[in-house]
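Spelled out, the chains give:
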Amino acid sequence: MTLMENEILQQAEVLKNCIVYNRQTFEEVSKAIKQKNITNVVIAARGSSNNAGNYFKYAFESLAKIPVSLAAPGVNTMYNAELDLSSSLVIGVSQSGMAADVMAVLENGVRSGALTLSVTNNLESKMANMTDFHLYCNAGKELSVAATKTYTAQMCLLGYLAAYHSQNRQVQEELTQIADNLPKIFGLKPQIQDLAQKYKDLESLIVLGRGTNYPIALETALKIQETTYINARAYAASDFHHGPFAIVDQNTTVLLIAPAGNSQKDMQELKEKLLG
């Protein structure tokens, strides 16, 4: 068993533990958001962590009705701009808690008097210690190059924060149930192996998702790039109609992220259009 597969199989325990560990922090952050009358959220991250941040944008805006923007850290590090973040919640997401450009955004937030939060897998990191609040992935050391258990822990923590702040008990319960459902997915290993053999020699792949599934599409493409070196590209399904659809021909392989939910109807219609 590879390090990556071993860490994938640890996710059920990690997702259960990360919610339990951070229960008090969810309450404290939500209280602070209300007390400080936060009007917007700025989230800074890179790589897989940025995809988790993109998921948070959909979740928090949909549930808490507060706008979320994805920071461009280069504004701070390359252009030396200082943003007025005084009415913002500034969130930095980093597995190691050591990402320099993410810290630059957080430092801007601290200087502005913003409410600050970090999400890391390192209790001793600079990010964890420089922010008002810290959500700990509690995932154990991640040894594989491609992030797995820390990525899903970040998503779970950020999604739970959105559900907790909006007092959405249904979403809170659904997030706590993920850990119990993961073994069903792990039990599909034979079918997954068959699919991997079928598609392992692809030269390129397009991955599409909509809404909260768009960040999943982004992460899927990133993982395929990292582990197989296939030229995988992800698009929001709604954007795919506006230009990229033109590159599709009979030799194009497209992966649709289409679980049950608000976006499934649109994805089914897109599938029919692709096949048509």
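Keep in mind the model is a prediction, meaning the values are calculated, not measured.

Check the secondary structure of the protein chain and you find 13 helices and eight strands. The C-alpha atoms of the protein chain give 19 Å as radius of gyration, which agrees with the globular expectation for 276 residues (19 Å, within 12%). When the backbone C-alpha atoms are referred to their principal axes, the protein chain occupies close to 55 × 40 × 35 Å. For the protein chain, with 276 residues in total, the buried portion stands at 45%. Here the analysis covers contacts within the protein chain between residues at least 6 apart in sequence; of these, 72% occur between residues at least 24 apart. Just so you have it, the protein chain exposes about 14,300 Å², and 51% of that area is on carbon and sulfur atoms. When the 23 positive and 26 negative side-chain charges of the protein chain are each reduced to one mean point, those points stand 3 Å apart.

In strand 5 (residues 133–136), alternate side chains face the same way, and those of Phe 133 and Leu 135 on one face and His 134 and Tyr 136 on the other are all buried. For strand 4 (residues 115–120) and strand 5, the ladder comprises four bridges, and the chain directions are parallel. Within strand 5, the position partnered with Leu 117 by the bridge is Phe 133.

Core analysis: the largest hydrophobic core is formed by 45 residues, its most contacted members being Phe 56, Phe 60 and Ile 91. Per-element tally for this core: the top contributor is helix 8 (residues 149–165), with 10 residues. The residues contacting Ile 91, other than those within four sequence positions of it, are Val 41, Val 42, Ile 43, Ala 44, Phe 56, Leu 106, Leu 117, Val 119 and Leu 158. With 11 residues, the next largest nonpolar core counts Ala 44, Val 102, Met 103 and Ala 114 among its residues.

This brings us to the pattern of salt bridges. For the structure on display, the rule yields 11 salt bridges. The closest approach of N and O atoms between Glu 5 and Lys 189, which form a salt bridge, is 2.8 Å. Of this pair, Glu 5 sits in helix 1 (residues 3–9) while Lys 189 sits in helix 10 (residues 189–199); the two residues are 184 residues apart in sequence, bridging distant segments of the chain. When its relative accessible area of 23% is taken as the criterion, Glu 5 is described as partly exposed.

The next thing to look at is the side chain of Thr 148. Tracing the sequence through the fold places Thr 148 in the loop between strand 5 and helix 8. Look past the residues within four positions of Thr 148 in its chain and what remains in contact with it is Met 4, Glu 7, Ile 8, Gln 11, Glu 142 and Lys 223.

All right, on to the pairing of strand 7 (residues 231–236) then. For a regular strand, side chains alternate in direction, first toward one face of the sheet and then toward the other. Burial along strand 7 is one-sided: Ala 232, Ala 234 and Ala 236 are buried, while Asn 231, Arg 233 and Tyr 235, pointing the other way, are not. Pairing of strand 6 (residues 204–209) with strand 7, which is carried by six bridges, proceeds in the parallel orientation. Residue pairing across strands places Val 207 opposite Ala 234, the latter belonging to strand 7. Once the chain exits strand 6 it traverses helix 11 (residues 214–228) before rejoining the sheet at strand 7, and the crossover so formed is right-handed.

A few words on a nonpolar patch on the surface. The grouping of Ile 185, Leu 188 and Ile 192 at the surface amounts to a nonpolar patch, some 260 Å² of accessible area in total. Here Ile 192 lies in helix 10.

In this section: the side chain of Gln 11. Here Gln 11 lies in helix 2 (residues 11–21). Accessibility expressed as a relative area gives 10% for Gln 11, which makes it buried. One polar contact links the side chain of Gln 11 to the main-chain carbonyl oxygen of Ile 8, over a distance of 2.9 Å. Those residues in contact with Gln 11, other than ones at most four positions away along the chain, are Thr 148, Lys 149, Thr 152, Leu 182 and Phe 186.

Following the criterion strictly, the structure yields five aromatic pairs and no others. An aromatic cluster is defined as three or more aromatic residues linked by ring pairs; in this entry it consists of Tyr 235, Phe 240 and Phe 245. Just above the ring of Tyr 151 sits the side chain of Lys 223; from NZ or CZ to the centre is 6.0 Å. The ring of Phe 245 is capped by Lys 273, whose NZ or CZ atom sits 4.7 Å from the centre of that ring.

The rules behind these values
- Residues numbered from 1 in each chain as written.
- Predicted model: local features only at pLDDT ≥ 70, side-chain atom pairs only at ≥ 80, totals over all residues.
- Heavy atoms only, no water.
- Helix = DSSP H or I, 4+ residues; strand = E, 2+ residues; numbered from the N terminus.
- Rg over C-alpha atoms; globule rule 2.2 N^0.38 Å.
- Buried < 20%, exposed > 50% of the residue type's maximum accessible area, 1.4 Å probe, protein only.
- Contact = heavy atoms within 4.5 Å.
- Areas by Shrake-Rupley, 256 points an atom, 1.4 Å probe, with all protein chains shown as cover.
- Lys, Arg positive; Asp, Glu negative; His and termini not counted.
- Charge placed at Lys NZ, Arg CZ, Asp CG, Glu CD.
- Pairing = 2+ DSSP bridges.
- Core = buried A, V, L, I, M, F, W, Y, C linked by side-chain atoms within 4.5 Å.
- Salt bridge = Lys/Arg side-chain N within 4 Å of Asp/Glu carboxyl O.
- Right-handed = clockwise from strand over helix to strand, strands pointing away.
- Patch = residues over 30% accessible without salt bridge, like charges linked within 9 Å, V, L, I, M, F, W, Y side chains within 5 Å.
- Polar contact = N/O pair within 3.5 Å; in protein donor to acceptor, adjacent residues only side chain to side chain.
- Phe/Tyr/Trp six-rings, centres within 6.5 Å; stacked < 30°, edge-to-face > 60°.
- Lys NZ or Arg CZ within 6 Å of the ring centre and 35° of its normal.

Keep in mind that these numbers describe shape and distance, not what the molecule does.
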